[in-house]
Amino acid sequence: MEDEAARRDAALPEVDWAALPPGTVASRFAAPSGELAVISLGDPTHPRVVLAPGVTGSKEDFILVMPPIAEAGYFVQAVDLAGQYESGAAGPARGGRYTYDLFVDDLVALLEDGDPAHLLGYSFAGTVAQLVAVRRPDLVRSLALLATPPDTGNGFAHMKRLGRISGVVGPRLGAFFMVTGIKLNATRVDASRLAFVRSRFAHTDRRSVDHIVDLMLHTPDVEAELRELPIPKLVAVGTHDLWPWERAAGQAGRIGAQFVRYETGHSPSETAPHQLTRDLLAFYATA
């Protein structure tokens, strides 16, 4: 029987993704790689939640989940990763590369700027969040992985459609496929969402996409370390994600995480926000 959260998700109206929720504070954070764009909602004295989006994404990917999480008594922050959207000027020195260390160091610095947080990483940022949790467990109250590549090594190897050629396609061509698919609306989002995601590319450093695709071809294996961490862990994914959901379930088992699945695609924070929020709040209560 369909629950209330699923019913509300099925009836989501079209969203203006450039309009921040009432009460949201936009700011800039001086990270090691440069200034990162941050949005915050809620009482800063409340328990903290930090949300990190993936490659070609942005903090606005969370605007449907931030208000109910804040209303439940949390201080919620979302950030654009270096090179992405309004953090497009942040990144490596001229001639350098975007690396795992760069993204980890930025996220660690943001976490150090406040209380330890419930950390959620979406897609590529889920890999970064895993590294942060392993390296600085003192900063992470719980770890949630949302639609995160579920395999180590070549993270694209088991991706639907493109997985079979991922081993022979270089990072630049792989990034081209990614960007082109988004611009051509391969995931069939509505008109307002499509206009917003296309507009972000004018600000995103194209090199960052190439370099992140290369990083995803070399996903580090920290599963054993994650399993040993004494914090709650959650893996959340859509049935129609870019990777078979069964692989995410396997990842959850290997790291000792709870597992939840929604009847949606790669973006549960956008298409199943009520269900995701419900499960996150129950999850945070266990920390």
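Right above here is the structure, for reference.
Residues numbered from 1 in each chain as written. Predicted model: local features only at pLDDT ≥ 70, side-chain atom pairs only at ≥ 80, totals over all residues. Heavy atoms only, no water.

A. Region of interest: the pairing of strand S5 (residues 117-122). Of all six residues in S5, six are buried; the element is thus mostly enclosed. Of the two faces of S5, the one lined by Ala117, Leu119 and Gly121 and the one lined by His118, Leu120 and Tyr122 are each fully buried. Bridging between strand S3 (residues 48-52) and S5 involves five bridges; their strand directions are parallel. From the neighbouring strand, Arg48 faces S5, where its bridge partner is Ala117. Bridging between S5 and strand S6 (residues 140-146) involves six bridges; their strand directions are parallel. Within the sheet, the bridge partner assigned to Leu120 lies in S6 and is Ala144. Chirality of the crossover, the property in question, places the unit of S5, helix H4 (residues 124-135) and S6 among those that are right-handed. (Buried < 20%, exposed > 50% of the residue type's maximum accessible area, 1.4 Å probe, protein only. Helix = DSSP H or I, 4+ residues; strand = E, 2+ residues; numbered from the N terminus. Pairing = 2+ DSSP bridges. Right-handed = clockwise from strand over helix to strand, strands pointing away.)

B. Seen up close, the sheet that holds strand S4 (residues 75-79). With respect to topology, eight strands assemble into an open sheet ordered S1-S2-S4-S3-S5-S6-S7-S8, the strand pairing being mixed. Strand pairing shows two members of the sheet lacking a second neighbour, strand S1 (25-31) and strand S8 (258-262), which therefore form its edges. Recorded for the sheet is a direction-independent mean angle of 20° between the axes of neighbouring strands. Summarising the sheet, strand S7 (residues 233-238) and S8 pair through five bridges and their orientation is parallel. (Axes fitted to C-alpha atoms, helices over the stretch in contact; angles between N-to-C directions.)

C. View of unusual backbone geometry. A positive phi angle, close to 65°, is found at Thr56, a residue other than glycine. For Thr56, the position within the fold is in the loop between S3 and helix H2 (66-71). With relative accessibility at 9%, the residue Thr56 sits in the buried group. Phi is positive for Ser123, close to 55°, though the residue is something other than glycine.

D. Layout of the packing of aromatic side chains. Within the structure shown, the criterion is met by eight aromatic pairs. Here the aromatic rings of Phe62 and Tyr122 are separated by 6.2 Å at their centres, their planes lie at 70°, and the arrangement is edge-to-face. In this pair, Phe62 is assigned in the loop between S3 and H2 and Tyr122 in strand S5, connecting sequence segments 60 residues apart. Look at Phe62 and you get buried, because its relative accessible area is 1%. With a centroid separation of 5.4 Å and an interplanar angle of 55°, the aromatic rings of Tyr74 and Tyr284 are classed as tilted. With Tyr74 in the loop between H2 and S4 and Tyr284 in helix H11 (residues 273-284), this residue pair connects regions lying 210 residues apart in the sequence. Note on Tyr74: relative accessible area 12%, which makes it buried. Owing to a relative accessible area of 3%, Tyr284 belongs among the buried residues under this scheme. Through a chain of ring-to-ring contacts, the aromatic side chains of Tyr98, Tyr100, Phe103 and Phe124 assemble into a single cluster. Over the aromatic face of Trp17 sits the side chain of Arg193, whose NZ or CZ is 4.5 Å from the ring centroid. Its end group placed over the ring of Trp245, Arg261 keeps NZ or CZ at 3.8 Å from the ring centre. (Phe/Tyr/Trp six-rings, centres within 6.5 Å; stacked < 30°, edge-to-face > 60°. Lys NZ or Arg CZ within 6 Å of the ring centre and 35° of its normal.)

E. Examining the packing of helix H3 (residues 100-112) against H4 more closely. The N-to-C vectors of H3 and H4 enclose an angle of 65°; their axes lie 9 Å apart at closest approach. Considered as vectors, H3 and H4 are oriented roughly perpendicular to each other. H4 is crossed by H3, and the crossing has right-handed handedness. Judged by residue contacts, Tyr100, Asp101, Phe103, Val104, Leu107, Val108 and Leu111 of H3 engage Phe124, Thr127, Val128, Leu131, Val132 and Arg135 from H4. A class-by-class count of the residues in the contact of H3 with H4 yields ten nonpolar, one polar and two charged. (Parallel < 35°, antiparallel > 145°, perpendicular 65-115°, else oblique. Left-handed = near helix turned anticlockwise from the far one by under 90°. Contact = heavy atoms within 4.5 Å. Nonpolar A, V, L, I, M, F, W, Y, C, P; charged D, E, K, R; others polar.)

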